[in-house]
Amino acid sequence: MGASALAGMSPDGITFSNPIEITRGGTYTGNWKSTNPSVNAVTVSTSEPVIIQNCNVAGPGPLIRLPWGGNVEVRNCRGFGIKGNFHENQFFIAAGASRIIVENNYFQNTSGITLGSMGSGTSEIRILKNKILNIDCRNSSGAVGMCNFVGLDKVSNVPNIEIAWNQVINEPNNSNVEDNINFYRSGGSSSNVARVHDNYIQGGYPIPASDPQFSGTGMITDEGGSGAEHTAYVESYRNQFVSIGNTAMSIAAGHDIRYYENRIVASGVLPDGSKVNSNFAGMQIASYYGPEFFYNNSIRDQTAAYVTPKYSYSVPTSGRNDYRSDGACAGCGTGITHLPSPVTKQSEFAEWNLWGSKLTSNGIAIGVNGEGTGSENVLFAGLTSTAPVPTSPPSTPPVVVTPPAPGTSGPVLPTPPGVFYRAINFNGPALSLDSHSWEAESAAANLSVSNGNRFENQNVSLQNAPDAARSSMIRSSIWGSNVSATLTAVPNAEYQVYVYAWEDNNSETYSLNLNGSRVVENYVSGSAGAWKRHGPLAAQVTSGSLQLVVSGGAANLSGIEIYKTGSVQSTQPVTPPALPPAPVVNASTSIVVRAAGTIAGGIYAHFVVKANGTKIGEKKTTAVKRDYSFSAPAGLGRVTKLEIIFDNDAFIANQDRNLLVDFVKVNGVSYSSEASNVKYDIGSPGGSDIFPGDSVMGSNGTLIFTLPSR
């Protein structure tokens, strides 16, 4: 996945060792990498106290895992997720642990932190001062999972839970997070509440980011309706939630939940100017599981400005929905400060500046060895700073991050990892950048470029312009939707690659592939003058060649720079797959149904899924919209007819059981339940009770999706 300049934390010359299993207590330092998603980079299999510090971990599966139990501290480590064939790519995952500290780390492109099955026997959980880029649980084929920055599952009645001073940035179209922070049947106790405070959480979007369908949040307290554990005794305060789709803060279940003095700002606009159509409510409080799981909660003294481009709300003014309640919480929503309209990207940028001010005034150093916030934030590319808009002035002046003017030294770019190998200026002359010699593409040895058109326009003004030499390199390029650049006679080794690309006029959405692996997924190029230094992107050379391929939309490729980081772990040759992969008719088909239900008689809606007339699964819903996954076997061939069958409609004691279906996804392609290719056949199949597709199924019947035959 692509990474912004905020990701410039990789140490030089990483040489990774094979995965490690820790079986005794002590302090461990090192660099560990797994190439198998079923093998953790680090496994802790001891109950003795373990400290893991000053480390680098990477892999396509869990990076640091405690299968059961453990007393572990992780400090000053960097974690790098590598997309594999399944969704679990956590930086840290533990179950049944007695003590967890995760502090001053940096991780990117992982599926976050997952903690489960902990109770009063756990002495503390502290997640502090970490710096995170792009929580992402898509797998290598692009299929979407569900993941969080912090997900707590049945972590109840635990003393000393603290999640504080973390910086989380999820870039649109480069990340895939559901709830950034999720308390599911989790929390503290009446005498020792769980505390979530002073975090900066930016971004929560569907794929693509402008899609209206999204179930995520900045933070949610959630339930399940049964079981011994319940969400309770959680306080969330002084956090900042910026540009988060669906809902920034939600109390969907639990008791003794307090949200106060948080800031919520969402302009509803992405960096390329498109809308965040999934924006629903800045704050939402609703009893989804009944009063036995929902009481003694409050939302108060919040500051909010939340724009809903797709929905016609007016809280407090037209086009905004700062606060929403279903009436289950009397007295909630008091003391809300509604920031004035218009709410723009500049309003969001003010929150970023305020965050820097908070860190400085409180003496907080985040990230590995206190490396700080970084100098760029993709959401605010090209903006100039203005003063923040707090409800009261901070005790010290805000930290102002001003992009440099054209012709100056430009933005601070990541320090490349490893040893410099080669750099090539596509459609441009030889030059020197960062004390490295760049070759002119026309004279570069062992390089072949195909399917591209050469293009240069030195008159376009670059956003957040770098130095003059780099600007000149960026504005000369090779463009196209299927450009391929192949270097041969490359020594077999592990490499980190940076790819420069830019936009001269209209935005495009493209992907990048290195040696058969998708390394940048559905990147939105932005408006004229936008540019990106994608990377570091991992590549392994085992057959003497390194190939960069564009797929999807057209990209303007400006340059490539390559750094050797280590030897090849495996001597077995790797044959890259064809790019992009062609559709395979006889392959199994991935099907996702986004659904929820309403309750009657204590039972939620149930549905059956059929593909080409064959039943492939069934599910019972909950009140919260979720993605339910199914697979149609290869023998069914290409799925051209998909049926969602609602079969337990009821009306009991003034409760109406309905099935709510937002959309389905077939091999990653989304189809709305209200699209023209969908029919709602009420009652028994056939007959005259056939209506246009609807997202609300109020009677037993079938949603019939007619899908393309090729």
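Residues numbered from 1 in each chain as written. Predicted model: local features only at pLDDT ≥ 70, side-chain atom pairs only at ≥ 80, totals over all residues. Heavy atoms only, no water.

## A closer look at the pairing of strand β9 (residues 78-81)
Which entries qualify depends on this criterion: When a residue's accessible area, from a 1.4 Å probe over protein chains only, is under 20% of the maximum for its type it is buried; when over 50% it is exposed; and in between it is partly exposed. Secondary structure elements are taken from DSSP: a helix is a run of H or I of four residues or more, a strand is a run of E of two residues or more, and numbering for both begins at the N terminus. Note: two strands are recorded as paired if DSSP finds a minimum of 2 bridges between them.
The two faces of β9 match: R78 and F80 on one face and G79 and G81 on the other face are all buried. Relative to strand β12 (residues 106-108), β9 runs parallel, the two being bridged by three bridges. Counted as the bridge partner of F80 is Q108 from β12.

## Looking at the sheet that holds strand β51 (residues 614-620)
Test applied: Angles shown run from 0 to 180 degrees and are taken between the N-to-C directions of axes, each axis being a line fitted to C-alpha atoms and, for helices, limited to the stretch in contact.
With antiparallel pairing, the six strands of this open sheet are ordered in space as β51-β50-β53-β61-β58-β59. Strand pairing shows two members of the sheet lacking a second neighbour, β51 and β59 (690-692), which therefore form its edges. Here the average twist between neighbouring strands, direction ignored, is 20°. As defined by bridge partners, strand β53 (residues 641-646) adjoins strand β61 (residues 701-706) across six bridges and the pair is classed as antiparallel. Along β61, the bridge assignment pairs L642 with F705.

## Side note on the nonpolar core
Most often, soluble globular proteins keep nonpolar side chains buried together rather than apart. Keep this limit in mind: The definition of a nonpolar core used throughout is a set of buried Ala, Val, Leu, Ile, Met, Phe, Trp, Tyr and Cys residues joined through side-chain atoms within 4.5 Å. Contacts are residue-level and defined by heavy atoms, with any inter-residue pair within 4.5 Å sufficient.
With 66 residues, the main nonpolar core has I52, F91, F92, L115, F149 and F183 as its most contacted residues. Excluding anything up to four places from it in sequence, F92 contacts I64, L66, V72, V74, I100, V102, G112, I113, T114 and L115. Within the second largest apolar cluster, 30 residues are counted, among which are V483, V490, A493 and A539.

## Here's the deal with the layout of surface pockets
Note the cut-off: Every definition here rests on a 1 Å grid over the protein atoms only: cavities are sets of points where a 1.4 Å probe fits but cannot get out, pockets are open sets enclosed by protein on both sides within 12 Å along at least five of seven lines, and lining residues have some atom within 4 Å of a point. Grid points are joined across faces, edges and corners, and a volume is the space filled by probe spheres set on the points.
There is about 1,100 Å³ of room inside the second largest pocket. For the second largest pocket, the lining is made up of 41 residues, of which Y288, A596, A623, K625 and L660 are closest to its centre. Taken together, the elements giving at least two residues each to the lining of the second largest pocket come down to β22 (217-222), β25 (246-251), β28 (279-285), β49 (589-597) and β56 (659-666).

## Description of the side chain of R533
As a reminder of what qualifies: Think of a polar contact as two N or O atoms within 3.5 Å of one another; within protein, one of them needs to be a possible hydrogen donor and the other a possible acceptor, and neighboring residues in sequence only count if both atoms come from side chains.
With respect to the helices and strands, the residue R533 is situated in strand β46 (residues 531-541). Judged by relative accessible area, R533 falls into the buried class, the value being 6%. In terms of polar contacts, R533 uses its side chain to reach the side chain of Y500, at 3.2 Å.

## Considerations on the pattern of salt bridges
Heads up, the condition is: A pairing counts as a salt bridge when a side-chain nitrogen of Lys or Arg comes within 4 Å of a carboxyl oxygen of Asp or Glu.
On inspection of all chains with the given rule, the structure shows 29 salt bridges. The partner of D153 in a salt bridge is K154, and the shortest N-O contact between them spans 3.2 Å. Between D198 and K358 there is a salt bridge; the shortest N-O distance is 3.0 Å. Separated by 160 residues along the polypeptide, D198 in the loop between β20 (194-197) and β21 (200-204) and K358 in helix α1 (residues 345-362) bring together distant segments of the chain. Residue D198 is classed as buried on the basis of its relative accessible area, which comes to 2%. Judged by relative accessible area, K358 falls into the buried class, the value being 16%. Taken together, the shared-partner salt bridges connect E73, R75, R99, E103, E124, R126, K129, E162 and R195 into one network.

## Quick look at the sheet that holds strand β31 (residues 303-306)
Within the open sheet, the eleven strands sit side by side as β3-β6-β9-β12-β15-β18-β21-β24-β27-β31-β35. Their pairing is parallel. A single partner strand is all that each edge strand has here, and the edge strands are β3 (31-33) and β35 (337-338). Sheet topology note: the strand β27 (residues 263-266)/β31 ladder contains four bridges and is parallel. Following the sheet pairing, I264 is matched in β31 by A304. In the packing of α1 onto the sheet, contacts are made with β18 (167-169), β21, β24 (240-244) and β27, and the angle to β24 comes to roughly 150°.

None of this, on its own, says anything about what the molecule does.
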